[in-house]
Amino acid sequence: MTELAVETSGLVKVFGENRAVDGLDLRVPAGTVYGVLGPNGAGKTTAVRMLATLLRPDGGEARVFGRDVVKDADEVRRRVSLTGQYASVDEDLTGMENLILLARLQGYKKPAARDRGAQLLEAFGLTDAADRQVKNYSGGMRRRIDIAASILNTPDLLFLDEPTTGLDPRSRNQVWDIVRIVVAQGTTVLLTTQYLDEADRLASRIAVIDHGRLIAEGTPGQLKASIGAGSVHVRLRDAAQREQAQRVLSRELNAPVHLEADPVALTARIAEAGDDQAAAERAARALAELAADGITVDDFALGQPSLDEVFLALTDRPATIEENAA
Amino acid sequence: MSTTATETTTSYVPAPETLAAVLTRGERPPRPSAWSASVTFGWRAMLKIKHVPEQLFDVTAFPIMMTLLFTYLFGGALAGSTTNYLQYVLPGLMAQSIIMITMYTGVAVNTDIEKGVFDRFRTLPIWRPAPMVGYLLGDMLRYTIASLVMLTVGLILGFRPSGGVVGVVLGIAVLIGYSFAFSWIWTMFGLLLRSEKSVMGVSMMVLFPLTFLSNIFVNPKTMPTWLQYFVNANPVSHLVSAIRSLMAGKPDTGALTLVLVAALVLIAVFGTLTMRLYNRK
Ligand SMILES: Nc1ncnc2c1ncn2[C@@H]1O[C@H](COP(=O)(O)OP(=O)(O)OP(=O)(O)O)[C@@H](O)[C@H]1O
Ligand SMILES: [Mg+2]
């Protein structure tokens, strides 16, 4: 039996009338990256804050490495670290001062604290920015100093709450690389995200939550199998060819083809049971058939299902998100 | 500045070896003592003063203004001459100014608690009140600065305390110690109230009557009897009597005892309430 980093049963948090977390059961195996996927307001942050001992649950139980987050809060705090959704370092202080402050609070003596700070800044490529106030850092640098601060004590469990929301693709890749290295060194990572793509790349298991409830759980493969491997987006040169294209696509993809509001656009969900390779091959065949039929294609894309599509597939209704993932 | 920021972002590639080296699971250092954690938070407060020195405006300009204003406005009328009045009023003015600026503690707690960094502090395995005590340690530095500024202005204007250096230093020490205890009221309100504005509002409501309806400006004997009851019961009056007596070189042990008791009660009551709110936040 593998050790569990997190185990919750019937976890509840109520704000007034709002059941932000409503009977959540999670089991996070130690030593892995676990993704919690959900739209805005799903309760991700609330759940993470309870696990990190910042909020007291209103019902149910939560254990971190077997320790109760309420009764053994201090023991839990010793082993976890949280990188919040918004900066969790002091913006008025410099990068170095922040790290020294946290090192001192974790028991490092003065010279050792400075060494630890310098070592972390170096590892996160922030040496040049050591003496600059964090409020003058770029978005990517902020995220890095934040993660550096979180691994200062080499936690056994690291919570990353939407670590890449608002980052550019390059900074996002850096965060992904960091997460992979951190987990390879033996730290369990629980990350929340709004992107299936991110969870798929990093996590070995994913929990999908909505309205504070678990609506699906499994490996990325299992999850995608229940959703469909991905979707094909096609844009034609000529709107007049759309019906013909629809016939070709539905035959080749073996799936219903949806006509978009845009008169030259079509989309279809490929049902390849979570097999990315097979989905890609099928999509390639469909593209070749369109060309053979003399249909001019301006744009052809095979993408992962968006969060919206995930929710549509799992709940038969779209995710209740504000900025609908297109 | 922004150019270097972009450069650092774009050129950085996380290196597995260096990151792995940082993540070694050696012995974790033992957790810091309550005192050491509090002092570390006090150090944070000083760093904030270093980075945002404008905040010292409150503890320099305001006290200078108070001293000049009250000495010259009331001096002639109340004591015949400004120098005579200064001997009476300066210890009290010091107390008033410092008690007034304690409210910035509440404002600082209130603005800070909304920020993510507080979540990080609260997930650390440290003595729970340490962040709050750290604020107050930093604030004690501000109170010291304000006291010294007022003392200097006072000395220039003709303040000549007969208690000498020792008396003045003891007086200021009592004042700062009491302000430390008093500030717990504001850490509580800082955690309790929703906005900075409401913290300010409540502070004013408490501080104005407390400091003006006291023996700071005039001898209570000149007041109507009903008001004397309030003034004589007001802890600020006892504080001012204690400071005055020390600075005059004739320590009033009765007042000093009352001040000590009041300080301990304040810490016990509002310290407990603060920590209760802090743990629940
Ligand atoms: N302190 C609070 N007081 C009242 N309601 C809250 C509080 N924190 C969260 N909520 C509510 O609880 C619900 C869940 O919020 P939560 O922040 O956990 O969602 P989330 O999944 O993290 O969303 P996002 O993707 O926007 O970060 C929301 O409806 C939110 O408005
Ligand atoms: Mg959130």
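Residues numbered from 1 in each chain as written. Chains lettered and ligands numbered in written order. Predicted model: local features only at pLDDT ≥ 70, side-chain atom pairs only at ≥ 80, totals over all residues. Heavy atoms only, no water.

Observations regarding the overall build of chain B
Summing up its helical and strand segments, chain B has 13 helices and zero strands in all. Element order for chain B, N to C, with α for helix and β for strand: α-α-α-α-α-α-α-α-α-α-α-α-α. Here chain B holds 281 residues, and the buried ones make up 50% of them. Relative to all contacts within chain B whose residues are 6 or more apart in sequence, the contacts with residues 24 or more apart total 78%. Of the roughly 12700 Å² that chain B leaves accessible, carbon and sulfur atoms contribute 71%. (Helix = DSSP H or I, 4+ residues; strand = E, 2+ residues; numbered from the N terminus. Buried < 20%, exposed > 50% of the residue type's maximum accessible area, 1.4 Å probe, protein only. Contact = heavy atoms within 4.5 Å. Areas by Shrake-Rupley, 256 points an atom, 1.4 Å probe, with all protein chains shown as cover.)

Concerning the domain arrangement of chain A
Its domain assignment divides chain A into domain 1 (4-224) and domain 2 (228-304). Using only C-alpha atoms to locate each centre, domain 1 of chain A and domain 2 of chain A end up separated by 39 Å. (Domains from an automatic or database assignment.)

With respect to the pairing of strand E6 (residues 80-83) of chain A
Residues and elements named next belong to chain A. Here E6 shows a buried face lined by Val80 and Leu82 and a second buried face lined by Ser81 and Thr83. As judged from the four bridges shared by E6 and strand E7 (residues 157-161), these two strands associate in the parallel manner. Paired with Thr83 across the bridge in E7 is Leu160. (Pairing = 2+ DSSP bridges.)

Describing the site of ligand 1
All names here are of chain A. If you check the shell around ligand 1, you find 14 residues, and the closest are Asn40, Gly41, Thr45, Thr46 and Glu162. One of the side-chain nitrogen or oxygen atoms of Glu162 is found 2.7 Å away from an oxygen atom of ligand 1. Between ligand 1 and the protein, one listed contact pairs an oxygen atom with a side-chain N or O atom of Gln194 at 3.3 Å. Those elements that place two or more of their residues in the shell around ligand 1 are strand E2 (18-29) and helix H1 (44-51). The residue makeup of the shell around ligand 1, split by class, is four nonpolar, eight polar and two charged. (Near = heavy atom within 4 Å. Polar contact = N/O pair within 3.5 Å; in protein donor to acceptor, adjacent residues only side chain to side chain. Nonpolar A, V, L, I, M, F, W, Y, C, P; charged D, E, K, R; others polar.)

Quick notes on the coordination of the magnesium ion (ligand 2)
The coordination sphere of the magnesium ion (ligand 2) contains the protein donors Thr45 of chain A (OG1) and Gln85 of chain A (OE1), at a distance range of 1.8 to 2.2 Å. Linking Thr45 of chain A in helix H1 with Gln85 of chain A in the loop between E6 and helix H3 (95-105), this pair joins segments that are 40 residues apart in sequence. (Donors = N, O, S within 2.8 Å, 3.2 Å for Na, K, Ca; no water.)

Quick look at the pattern of salt bridges
Applying the stated criterion across every chain yields a total of 33 salt bridges over all chains. We note a salt bridge from Asp119 of chain B to Arg49 of chain A, for which the minimum N-O separation is 2.5 Å. Here Asp119 of chain B, found in helix H7 (residues 116-122), pairs with Arg49 of chain A, found in helix H1, and the two come from separate chains. Overall, the relative accessible area of 19% leaves Arg49 of chain A in the buried class. With a closest N to O distance of 3.3 Å, Asp74 of chain A and Arg77 of chain A form a salt bridge. With a gap of three residues between them, Asp74 of chain A and Arg77 of chain A both fall in helix H2 (residues 73-79), about one helical turn apart. A relative accessible area of 28% means that Asp74 of chain A is categorised as partly exposed. Classification of Arg77 of chain A as buried rests on a relative accessible area of 7%. Connected through shared salt-bridge partners, Asp90, Asp92 and Lys135 of chain A together with Arg44, Lys48 and Asp112 of chain B make up one network. (Salt bridge = Lys/Arg side-chain N within 4 Å of Asp/Glu carboxyl O.)

With respect to unusual backbone geometry
Residue and element names in this part refer to chain A. The phi angle at Phe65 is positive, at roughly 50°, despite the residue not being glycine. Looking at the element boundaries, Phe65 is found in the loop between strand E4 (59-64) and strand E5 (67-68). Phe65 sits in the buried class, given a relative accessible area of 11%.

Some points on the confidence of the model for chain B
Per-residue confidence for chain B gives a mean pLDDT of 88, with 96% of residues at or over 70. Here the predicted complex scores 0.83 on pTM and 0.84 on ipTM. (pLDDT = per-residue confidence, 0-100.)

Digging into the UniProt feature "transmembrane region" (unreviewed entry) in chain B
All names here are of chain B. According to UniProt, the "transmembrane region" (unreviewed entry) feature falls on residues 56-79, 85-111, 132-159, 165-186, 198-218 and 255-278. Annotated as residues 198-218, this span is 71% helix and 0% strand, and its ends, taken at the C-alpha atoms, are 31 Å apart. Summarising residues 255-278: 100% helix, 0% strand, and an end-to-end C-alpha distance of 33 Å. (UniProt positions renumbered as here; feature names shortened; annotations may be inferred.)

Focus on the sheet that holds E4 of chain A
Residue and element names in this part refer to chain A. On the basis of which strands lie adjacent, the open sheet formed by four strands has the order E2-E1-E4-E5 and antiparallel pairing. Each having just a single partner strand, E2 and E5 make up the two edges of the open sheet. By the bridge criterion, two bridges tie E4 to E5 in an arrangement that is antiparallel. In the sheet register, Val64 faces E5, and the bridge partner there is Arg67. Here H1 sits on the sheet and contacts strand E1 (4-15), E2 and E4; the angle it forms with E1, its principal contact strand, is near 120°. (Axes fitted to C-alpha atoms, helices over the stretch in contact; angles between N-to-C directions.)

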